[in-house]
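An overview of the molecular structure
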Amino acid sequence: MTFGAPIPGTPVFDGDAAVKGYALNKMCFSFNAKENRDAFLQNEEAYCDKYRLSDEQKQAIKSRNVLQLIAAGGNVYYLAKFAGIFGLNVQDIGAQQTGMSIDDFKAYLVSQGK
Amino acid sequence: MARIIGGLTTSHVPSIGKAIAQKEQESPYWKPFFDAFKPAHEWLAREKPDVAVVIYNDHGLNNFLDKMPTFAIGAAAEYHNADEGWGIPVLKPFRGHPKLSWHIIESLVADEFDITMCQEVLVDHAFTLPMALMYPGNIDWPVATVPVMLNSVQHPLPTARRCYKLGQAIGRAIDSFPEDIKVVLLGTGGLSHQLDGKRAGFINKPFDLWCMDKMRNDPEALARLSNHEIVEKAGSQGVELMTWIAMRAAMTGRVKELHATYHVPISNTGGAVMLFENNPQPHAIAAE
Ligand SMILES: [Fe+2]
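Our subject in this report is the structure included herewith.

Reading guide: rules and limits
Residues numbered from 1 in each chain as written. Chains lettered and ligands numbered in written order. Predicted model: local features only at pLDDT ≥ 70, side-chain atom pairs only at ≥ 80, totals over all residues. Heavy atoms only, no water. Buried < 20%, exposed > 50% of the residue type's maximum accessible area, 1.4 Å probe, protein only. Helix = DSSP H or I, 4+ residues; strand = E, 2+ residues; numbered from the N terminus. Polar contact = N/O pair within 3.5 Å; in protein donor to acceptor, adjacent residues only side chain to side chain. Axes fitted to C-alpha atoms, helices over the stretch in contact; angles between N-to-C directions. Parallel < 35°, antiparallel > 145°, perpendicular 65-115°, else oblique. Left-handed = near helix turned anticlockwise from the far one by under 90°. Contact = heavy atoms within 4.5 Å. Nonpolar A, V, L, I, M, F, W, Y, C, P; charged D, E, K, R; others polar. Phe/Tyr/Trp six-rings, centres within 6.5 Å; stacked < 30°, edge-to-face > 60°. Salt bridge = Lys/Arg side-chain N within 4 Å of Asp/Glu carboxyl O.

1. Here we look at helix 7 (residues 76–85) of chain A
All names here are of chain A.
- Taken across its 10 residues, helix 7 has 10 buried, putting it largely inside the fold.
- Taken residue by residue, helix 7 has V76, Y77, Y78, L79, A80, K81, F82, A83, G84 and I85 as its buried positions.
- N-capping of helix 7 is provided by N75, with a side-chain oxygen placed 2.7 Å from the backbone N of Y77.
- Backbone geometry just after helix 7 places G87 at a positive phi near 70°.

Take a look at the structure:
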């Protein structure tokens, strides 16, 4: 793509990612509405089928693993709505992606202000 | 004629909404950020703008990947906030200013900006929280609003140069609106942050301070950044800097900084607030 050299640890949500992740992102976009969040919680697999997720995407949803979700084409703005279902905020998902404890991740954020 | 009296740029992280709802403005974590708005409150109380033109980026409340506008402008009489999925309270509706919206749209399209025009916009936290920061205490919003959305979700994103030119065109449009109204500009987003990937949590204080310095003295320098450079230096969501660039470019007069605050972190973000006054150029005064 024309964006330029890869930046380590930094996904770029380009056309390829958008094509790959369309179903997954569409499902996550639906989580703006409470009735859809409830429907997902009631029957996760049926809800994923309704949005025609690929096997990779279903597996990533099952795993609750953000890096896997991104690899499956997920965009973080929509994935944040999926994380919200479980009450996870951006520190929780930051800690998960970097492999830090939540306290270490928060300390890392604070250290960058020094 | 309409007059741009100044503008405010601010971060807009969703947790600000939680902090407001839970009344944490005075907590040690939040106080430095919320205190940054005190000079803005005094200024707004004195200047009493009629309309706020809010330049921001939607995060998947209004716009989805099915049709992603690069630049979109609201032209409705009213705008609603809605559930974004993570439990921050929904704020009350905002009054629009359809006449000014359509004037800006007409002017921009004549200026060769092919924008998306919207009769309905659900405004997300990037619009609502800066409004709540400017006008705290759950009062009736004292200004009408015009939402301007820039695509920060789907690459290719508009270039910094294009956002700068869009801002200039918005400034020209407002300046030529025939009604005697006072307009305040908002640019909401940034500064450096990255939510996704193994580099999640990345904040770049030196780069943020450099951006704030350029906002003051040399906004053209911001327009020269490539999006690759911005992602590298400000993180993948640091691209929200585009809203600051457009807002700064829209101030067409002599611009004076009234206040600036930088505080790390708010949530995962370099928290930054800047307040500017915009005065007509001397030749404009002479012509009046
Ligand atoms: Fe944002």
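Let us keep going from here.
2. Topic: the packing of helix 2 (residues 22–30) of chain A against helix 7 of chain A
Residues and elements named next belong to chain A.
- Viewed as axis vectors pointing N to C, helix 2 and helix 7 meet at an angle of 50°, and their least axial separation amounts to 8 Å. Between helix 2 and helix 7, the angle falls in the class oblique. Seen from above, helix 2 lies across helix 7 with left-handed handedness. When helix 2 is examined against helix 7, the residues L24, N25, C28 and F29 are found in contact with a partner set consisting of Y78, L79, K81 and F82.
- Of the residues that constitute the contact of helix 2 with helix 7, the class distribution is 6 nonpolar, 1 polar and 1 charged.

3. What to know about the packing of aromatic side chains
- Enumeration over the complete set of coordinates arrives at 21 aromatic pairs over all chains.
- Consider the rings of A:F31 and A:Y47, whose centres lie 5.6 Å apart with planes at 25°: the pair is stacked. One end of the pair, A:F31, is in the loop between helix 2 and helix 3 (34–42); the other, A:Y47, is in helix 4 (residues 44–50), and 16 residues separate them in sequence.
- Overall, A:Y47 belongs to the buried group, its relative accessible area being 5%.
- Arranged with centres 4.6 Å apart and planes meeting at 20°, the rings of B:F94 and B:W141 form a pair that is stacked.

4. With respect to the environment of A:L24
Residues and elements named next belong to chain A.
- With respect to the element layout, L24 can be found in helix 2.
- C-alpha separation for the pair L24 and S54, spaced 30 residues apart in sequence, amounts to 8.3 Å.
- Residues contacting L24, with those up to four places away along its chain left out, are L53, Q57, I61, L69, A72, G73, G74 and L79.

5. Thoughts on the pattern of salt bridges
- Taken as a whole and assessed by the stated rule, the structure comprises 17 salt bridges over all chains.
- In this structure, the salt-bridge partner of A:R37 is B:D83, at a minimum N-O distance of 2.8 Å. Of this pair, A:R37 sits in helix 3 while B:D83 is found in the loop between strand 4 (78–79) and strand 5 (94–95), placing the two residues in two different chains.
- Accessibility expressed as a relative area gives 12% for A:R37, which makes it buried.
- With a relative accessible area of 26%, B:D83 lands in the partly exposed category.
- Notably, a salt bridge pairs B:E179 with B:K99, separated by 2.6 Å at the nearest N-O pair. Of this pair, B:E179 sits in the loop between helix 6 (160–175) and strand 8 (182–188) while B:K99 sits in helix 4 (residues 98–110), placing them 80 residues apart in sequence.

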